Amino acid sequence: MEPLEEKYIDPQPWLDKNEKPFLEIRSVTKKFGDFTAVDKVNLEIYKGELFCLLGGSGCGKSTLLRILAGFETATEGSFFIDGVDMTQIPPYERPVNMMFQSYAIFPHMSVEKNIAYGLKRDGLSKPEVKTRVEEGLKLVQLSQFAKRKPHQLSGGQQQRVALARALVKHPKVLLLDEPLAALDKKLREKTQFELMDIQYKLGITFIVVTHDQEEAMTLSTRIAVMNQGKIKQIGTPTDIYEYPQSRFTANFIGSINIFEGIVKESLSESHVVQSEETQCDLLIDRDSSIHTGEKIGVAIRPEKIHLSREEPDKQDFNTLRGKVLDFGYIGNLSVYNVKLPSGKMVKVSSPNQNRYSKHRVTWDDIVYLTWEPANTVVIL
Amino acid sequence: MNSKRNYYILTGMGFGFAFLYIPILLLMVFSFNEAKVTTRWSSFSLKWYQALLENDAIINAALISLKIAVISATIATIVGVLAGIALVRFKKFKGKTLFSGLMVAPMVMPEVITGLSLLFLFVAMEELIGWPDGRGMTTITIAHITFCITFVAVIIQSRLQGMDESLEEAAMDLGGRPIRILFDITLPLITPAMISGWLLSFTLSLDDVILASFVSGPSSTTLPLVIFSKIKLGISPDINALATLIIGIVAIGIVIAAWLMNKKEKAYQRDIQMAVAQNE
Ligand SMILES: Nc1ncnc2c1ncn2[C@@H]1O[C@H](COP(=O)(O)OP(=O)(O)O)[C@@H](O)[C@H]1O
Ligand SMILES: [Mg+2]
């Protein structure tokens, strides 16, 4: 077989035992008085990653970023960049740069001067500053706006100035606090891909804070899901979505149906789970960590459930019967709320493959929900 | 209903403005009065302006007042800006609240008390170290600086509290050391507040009577003190002429400032509209 071109190899340094993390956060805690904003966070981020910190508002994402930039001092713990302990180094000497949520563009300086500011502070020579500023402007496609003042720019252009200003310093790590939050939806989607492109071109390690799960899924090599100052799970977008390890992660990323039950029996290929909510047994794939008698949650994503009005005859699939209470047409797909006899609501989404379907499922229809045991997620 | 309300509002406004400006207008009109009697009009004349220019006491006092106002406004602005920045931007330190309180206290303290205490201080210091040597311009200037610092610090504080702190953090993140950031970012951004502070101090100093009457000496006396002592001997029309001149200068200043600000604001709005339009 031909070897794949390098471009197509998805590097996964976190799986390589010989790789050393580029940025290492060890048990960092930040307290404001009695309130713990960041709680014993451990992270290992590798060179060239586009790492996302994902969590709801107030969960401590910005605080963690500010600790890395040096604006807050960790109450406990330490962190290392490229093997060097950063704890005692003041913000103006750290090899990291930050892009602020408010962009923090200096309003009294032109675009050019904003971008040059950091380079001048590094003591670069005038011609060198000039070349680097031009490079930066070109990178974010703002060359013709060099002389403008910040208030003469649109929101998207201001965002680029902030990005260029941080990037021209060639930091070892770039911290981005909600970089796209202030842009409208269309522009945000476009900018996402530009950001990924720039990151790929420069190979700088990015740490992006966001509360938008779609953004995190699109952008990142890996995601750390945060809640109340704690890291709940770290993994690739696929890991996080397909194998959530906790109820919080499962519910936070996308939507999911969880059936509570008890493991009744363990067979050679699968376990049988008894659940009051489904009033029938559910099958899950065999897993050595699951024991008979254990209480577990059987979780299934809405799009992994097949919905039909005819009773299917698939023996080794899970099948539930219910009534359509409600449905919503979203265009590319329809979302159904199905009520089981036990009263439990199940969410199902299915693509609208045909424009007009004669046998379209509608209100009060009795439907059968089926899914493959392999698609279930077990939540302990 | 609506027009009736408008009528009330207009009447109220008319009375308000009449109260404010009729006395001033009268004063200005009578400065051009030929007669010595200030309450009866005889004929138009500029003779009181002539008299004013020849009155060395008033001219000297005006010059001293201006000098004191410029010096004390400048020093008060420098010290007040530093105090304001320290009180807002420094991390919480022990007794910060106490310092903030002490900073604004002189604002509400009766000026008579401030004046008296400063007089005690100057007298005691003269006995102990021989400075200040008597009372005059130096003591008035010091008194005005003390008084004005408070106002400047309060103006600067409120400006800084409204300012996005991330601008200074961004400068630090880009490699700026604290002192550089003060000159590169903080001071340029609070320039308007600094100008307001300076102008307010200048005005406060220029028309202060109470503090000056405690700490001035026979050698030098300020314009408000001269006017005050002259009034005691009866109103003379050259004071009217002086007042008219001052009002004229102030009015011209205000008109120019308003015109400049209006022009700047219009350009700013146009820029923003253009940026928004481009985005689409
Ligand atoms: N300087 C501060 N003093 C006190 N509380 C703070 C401070 N900064 C942040 N917090 C609190 O810490 C929590 C986390 O804040 P933050 O990291 O900004 O959250 P987010 O995840 O939305 O970025 C919030 O509850 C916030 O109120
Ligand atoms: Mg935040």
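Residues numbered from 1 in each chain as written. Chains lettered and ligands numbered in written order. Predicted model: local features only at pLDDT ≥ 70, side-chain atom pairs only at ≥ 80, totals over all residues. Heavy atoms only, no water.

## Quick notes on the packing of aromatic side chains
All names here are of chain B. All chains considered together, the criterion is met by 13 aromatic pairs over all chains. Ring plane angle 75 degrees and centroid distance 6.3 Å describe the contact between Phe30 and Trp41, whose orientation is recorded as edge-to-face. Here Phe30 is found in helix H1 (residues 2-30), whereas its partner Trp41 is found in the loop between H1 and helix H2 (47-54), with 11 residues between them in sequence. Seen in terms of ring centroids, Phe32 and Tyr49 are 5.3 Å apart; in terms of plane orientation they differ by 25 degrees. Their pairing is stacked. With Phe32 in the loop between H1 and H2 and Tyr49 in helix H2, this pair connects stretches of sequence that are 17 residues apart. (Phe/Tyr/Trp six-rings, centres within 6.5 Å; stacked < 30°, edge-to-face > 60°. Helix = DSSP H or I, 4+ residues; strand = E, 2+ residues; numbered from the N terminus.)

## As for the sheet that holds strand S15 (residues 306-308) of chain A
All names here are of chain A. The 5 strands are arranged S15-S19-S16-S17-S18 in an open sheet whose pairing can be described as antiparallel. Because the sheet does not close on itself, it has two edges, and the strands there are S15 and strand S18 (345-351). Ignoring strand direction, the axes of neighbouring strands in this sheet form an average angle of 45 degrees. Looking at chain direction, strand S16 (residues 318-329) and strand S17 (residues 333-339) are connected through 6 bridges and run antiparallel. Bridge pairing in S17 links Gly328 to Val335. (Pairing = 2+ DSSP bridges. Axes fitted to C-alpha atoms, helices over the stretch in contact; angles between N-to-C directions.)

## With respect to the site of ligand 1
Residues and elements named next belong to chain A. Taken together, Phe32, Phe35, Ala37, Gly56, Ser57, Gly58, Cys59, Gly60, Lys61, Ser62 and Thr63 make up all the residues around ligand 1. Backbone polar atom of Gly58 to an oxygen atom of ligand 1: 2.6 Å apart, as the coordinates give it. The contact in question runs from an oxygen atom of ligand 1 to an N or O atom on the backbone of Cys59, over 3.2 Å. Protein contact buries 58% of the 560 Å² of open area that ligand 1 shows by itself. When residues of the shell around ligand 1 are traced back to their parent elements, those giving at least two are strand S2 (35-45) and helix H1 (61-69). A total of 3 residues in the shell around ligand 1 trace back to one element, the largest contributor, which is H1. For the shell around ligand 1, the class distribution of residues is 4 nonpolar, 6 polar and 1 charged. (Near = heavy atom within 4 Å. Polar contact = N/O pair within 3.5 Å; in protein donor to acceptor, adjacent residues only side chain to side chain. Areas by Shrake-Rupley, 256 points an atom, 1.4 Å probe, with all protein chains shown as cover. Nonpolar A, V, L, I, M, F, W, Y, C, P; charged D, E, K, R; others polar.)

## A closer look at a positive patch on the surface
A surface patch of positive charge is lined by Lys113(A), Lys120(A), Lys126(A), Lys149(A) and Lys264(B). Tracing the backbone shows Lys149(A) in the loop between helix H3 (126-139) and helix H4 (155-167). According to the relative accessible area criterion, Lys149(A) is partly exposed, its value standing at 34%. (Patch = residues over 30% accessible without salt bridge, like charges linked within 9 Å, V, L, I, M, F, W, Y side chains within 5 Å. Salt bridge = Lys/Arg side-chain N within 4 Å of Asp/Glu carboxyl O. Lys, Arg positive; Asp, Glu negative; His and termini not counted. Charge placed at Lys NZ, Arg CZ, Asp CG, Glu CD. Buried < 20%, exposed > 50% of the residue type's maximum accessible area, 1.4 Å probe, protein only.)

## Regarding the side chain of Gln157(A)
Within the secondary structure layout, Gln157(A) lies in helix H4. On the accessibility criterion, Gln157(A) (12% relative accessible area) is buried. What Gln157(A) contacts, discounting residues up to four positions off in sequence, is Leu142(A), Phe145(A) and Gln278(B). (Contact = heavy atoms within 4.5 Å.)

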